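Results of the structural survey
Residues per chain are reported as follows:
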Amino acid sequence: MGTRAVLQVFERYQKERVAFVSAIAELSKSPQAVVDCGALEGLVTCLEEFDPAVKEAACYTLGYVAGHSPELAQQVVDAGAVVLLVLCVQEPELSLKRVAASALSDIAKHTPELAQAVVDAGAVAYLAPLILKQEPKLKRQVCCALAQIAKHSVDMAEVVVEAEVFPKILTCLKFPDELVRKHAATVVREVAKHTPELAQLVVGAGGVGALVDYVGSTKGNTRLPGIMALGYIAAFTETLALSVIAEKGLVPLVAALSEEAEDHMKSATAWALGQLGRHTPDHAKAVADTGVLPLLVTLENDTHSSEDLKGKCRKALKAIVAKLTFMPALDALVHRQLPESIMKMVLEQVGKVLANDPSGRAQFVHSGGLAAVQQMGEAPGTALREAVEIINSNYPEEIVHYYSPGYSQQLLQKLDAMSSGSSAVAVN
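Residues numbered from 1 in each chain as written. Predicted model: local features only at pLDDT ≥ 70, side-chain atom pairs only at ≥ 80, totals over all residues. Heavy atoms only, no water.

Regarding the overall build of the protein chain
Looking only at helices and strands, one finds 29 helices and zero strands in the protein chain. By the compact-globule yardstick of 22 Å for 428 residues, the protein chain is too spread out, its C-alpha radius of gyration being 32 Å. Each principal axis of the C-alpha atoms in the protein chain carries an extent, and together these give about 145 × 40 × 35 Å. Burial status across the protein chain gives 48% buried among its 428 residues. Long-range pairs, those at least 24 residues apart, make up 69% of the contacts in the protein chain between residues at least 6 apart in sequence. (Helix = DSSP H or I, 4+ residues; strand = E, 2+ residues; numbered from the N terminus. Rg over C-alpha atoms; globule rule 2.2 N^0.38 Å. Buried < 20%, exposed > 50% of the residue type's maximum accessible area, 1.4 Å probe, protein only. Contact = heavy atoms within 4.5 Å.)

This is the structure in structure tokens:
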């Protein structure tokens, strides 16, 4: 065969390859059709082609099919695609690495079993080093894949950790590309949420400081995984919660609760604040000192707040108040319009604190708190009377009467009676 004939054959192959890539791209718009026509096996075979463009098209289509549903993802796995996708991750072409990582992510995201298939193929060991690459689109997909694996179980999170992702992943929290930062924060969240030990590992790697900076420098949904990661870390133990407080994590959380417009963002932030304040009186005071409790009350009472946001604010308030012994913060809540269930908890906590705080008793009187409590106790049908009586037991009976709503009227009646008596004596 002459040179010209060889060139013609090669040219024809190139044209057919382009036509094939175009057909694959078209097929991917209908995932079920790809499976129904038996094309999966052919696509998997394409992953072994020497031409990177063919491999890339096959990766793209397999990922699109797998991402559609757990059932379709399982068929992609059963067709033998995972091992070959991992080999594609190891190829030198960055675009091929990216699309292969994306396909593995689309498989792993659905169920623990599918994620386990990705882990068993050794994907994590080849994905983890790629987080240091500077190509933004590749970093996005690699971080996303690691997060989709880590989220399912403790064992899978440990596989990600053992691939020496920390502390390297934390550098991605400051990467210029917004999606890289978000996916990296998601990896941290999905690792930290499982156990105190994994949360401690994140803390030990410098993760809290990095997350605090991240939450403080981002807005909107990009902020969400960082907020939740701090909440998960704080939830486990008082020591871990204290590490968040010590790194000034309350400041960006309070800012997020105030600044964010979406209710789901506020809900996540309220939940995280509740996790930080629920451990000890010191934790509760640290949260109260930020001045965020009135904001939680406002959001809980706002008719425009979603039911989820109201519930998260209510739970956070209850968790914090249950540990709060800082009288000025409790006093401030007494003067707010609170749902009866929360006010009851506030008053019960006030009663406990006053029993052991003589100076706080005088302060509570001077602030008008005792008078406000008497009005609550006199309200018809109130469920607060028992809590009010416990507070009153910390004061002499004369003081309680003095600040009762009807006391001034009683004095006036006595004065009128005395005046009437004096007039009668004068007439006689």
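What follows picks up the thread again.
Description of the environment of Val-287
Of note, Val-287 is situated in helix H20 (residues 281–288). When sequence neighbours within four positions are dropped, the list of residues in contact with Val-287 reads Leu-250, Leu-273, Leu-276, Gly-277, Val-292 and Ile-320.

A few points about a negative patch on the surface
Among the surface-exposed residues, Asp-155, Glu-158, Glu-162 and Glu-197 lie close enough to one another that they form a single negatively charged patch. The element that contributes the greatest number of residues to the negative patch is helix H11 (residues 154–162), accounting for three residues. Within the element layout of this structure, Glu-158 appears in helix H11. (Patch = residues over 30% accessible without salt bridge, like charges linked within 9 Å, V, L, I, M, F, W, Y side chains within 5 Å. Areas by Shrake-Rupley, 256 points an atom, 1.4 Å probe, with all protein chains shown as cover. Salt bridge = Lys/Arg side-chain N within 4 Å of Asp/Glu carboxyl O. Lys, Arg positive; Asp, Glu negative; His and termini not counted. Charge placed at Lys NZ, Arg CZ, Asp CG, Glu CD.)

Description of the packing of helix H23 (residues 327–334) against helix H24 (residues 340–355)
Packing of H23 against H24 leaves a shortest axis separation of 10 Å and a crossing angle of 145 degrees. The element H23 and its partner H24 pack so that their crossing is left-handed. Counting all contacts with H23, which are made through Met-327, Leu-330, Leu-333 and Val-334, the residues of H24 involved are Met-343, Val-346, Leu-347, Gln-349, Val-350, Val-353 and Leu-354. Tallied by class, residues from the contact of H23 with H24 come to 10 nonpolar, one polar and no charged. (Axes fitted to C-alpha atoms, helices over the stretch in contact; angles between N-to-C directions. Left-handed = near helix turned anticlockwise from the far one by under 90°. Nonpolar A, V, L, I, M, F, W, Y, C, P; charged D, E, K, R; others polar.)

Thoughts on the pattern of salt bridges
For the structure shown, the criterion picks out 12 salt bridges. Notably, a salt bridge pairs Lys-55 with Glu-91, separated by 3.1 Å at the nearest N-O pair. Within this pair, whereas Lys-55 is found in helix H4 (residues 52–68), its partner Glu-91 is found in the loop between helix H6 (81–89) and helix H7 (94–108), the two being separated by 36 residues in sequence. Exposure remark for Lys-55: the relative accessible area of 9% places this residue in the buried category. On the basis of relative accessibility, which here comes to 24%, the residue Glu-91 falls in the partly exposed class. Between Lys-219 and Glu-259 there is a salt bridge whose closest N-O contact spans 2.8 Å. On the criterion of sequence distance, the pair formed by Lys-219 in the loop between helix H15 (207–217) and helix H16 (224–236) and Glu-259 in helix H18 (residues 250–259) is long-range, its members being 40 residues apart. Residue Lys-219 is classed as exposed on the basis of its relative accessible area of 51%. Salt bridges here are not isolated pairs; linked through shared partners, they connect Lys-219, Arg-223, Glu-259 and Glu-260.

Points about unusual backbone geometry
A cis geometry characterises the amide bond from Phe-166 onward to Pro-167, with omega recorded as 0 degrees. Within the secondary structure, Pro-167 is located in the loop between H11 and helix H12 (168–171). Although it is not a glycine, Glu-164 sits at a positive phi angle of roughly 65 degrees. Along the chain, Glu-164 turns up in the loop between H11 and H12.

Quick notes on the packing of aromatic side chains
Given two aromatic rings, one states the distance between the centres and the angle between the planes to describe the pair. Tallying each qualifying case throughout the model produces three aromatic pairs. A centroid spacing of 5.2 Å and a plane angle of 70 degrees characterise the contact between Tyr-232 and Trp-271, whose relative ring orientation is edge-to-face. Residue Tyr-232 is found in helix H16, and its partner Trp-271 is found in helix H19 (residues 263–277); the two are separated by 39 residues along the sequence. Each ring, one from Tyr-402 and one from Tyr-403, has its centre 5.0 Å from the other, and the planes form 85 degrees; the classification is edge-to-face. With relative accessibility at 27%, the residue Tyr-403 sits in the partly exposed group. (Phe/Tyr/Trp six-rings, centres within 6.5 Å; stacked < 30°, edge-to-face > 60°.)

Quick look at the packing of H7 against helix H8 (residues 112–120)
Two numbers describe how H7 lies on H8: the axes approach to 7 Å, and their chain directions differ by 145 degrees. Facing H7, whose interface residues are Leu-104, Ile-107 and Ala-108, H8 presents Leu-114, Ala-115 and Val-118. By residue class, the composition of the contact of H7 with H8 is six nonpolar, no polar and no charged.

Some words on the nonpolar core
If you look at the biggest cluster of nonpolar residues, it comprises 141 residues, and the most contacted ones within it are Ile-169, Ile-233, Leu-296, Leu-347 and Phe-364. Ignoring any residue separated from it by four or fewer positions in sequence, one finds Ile-169 in contact with Ile-131, Cys-143, Ala-184, Val-187 and Val-188. (Core = buried A, V, L, I, M, F, W, Y, C linked by side-chain atoms within 4.5 Å.)

A few points about H4
Each turn of an α-helix holds 3.6 residues, which means side chains three or four residues apart point in the same direction. Taking 1.5 Å per residue, 17 residues should reach 24 Å; H4 reaches 24 Å between its end C-alpha atoms and fits that length. Buried residues of H4: Val-54, Lys-55, Ala-57, Ala-58, Cys-59, Thr-61, Leu-62, Gly-63, Val-65, Ala-66 and Gly-67, and no others. The residue sitting at the N-terminus of H4 and contributing the capping side-chain oxygen is Asp-51; that oxygen lies 2.9 Å from the backbone nitrogen of Ala-53. (Expected span 1.5 Å × (residues − 1). Polar contact = N/O pair within 3.5 Å; in protein donor to acceptor, adjacent residues only side chain to side chain.)

Side note on the state of the cysteines
By the definition in use, this model includes zero disulfides. Left unpaired, Cys-46 is separated from the closest cysteine sulfur, that of Cys-59, by 10 Å. With a relative accessible area of 11%, Cys-46 lands in the buried category. Cys-143 carries a free sulfur, and the closest cysteine sulfur to it, the one in Cys-172, is 4.5 Å from it. Its relative accessible area of 0% is what places Cys-143 among the buried residues. (Disulfide = S-S within 2.5 Å.)

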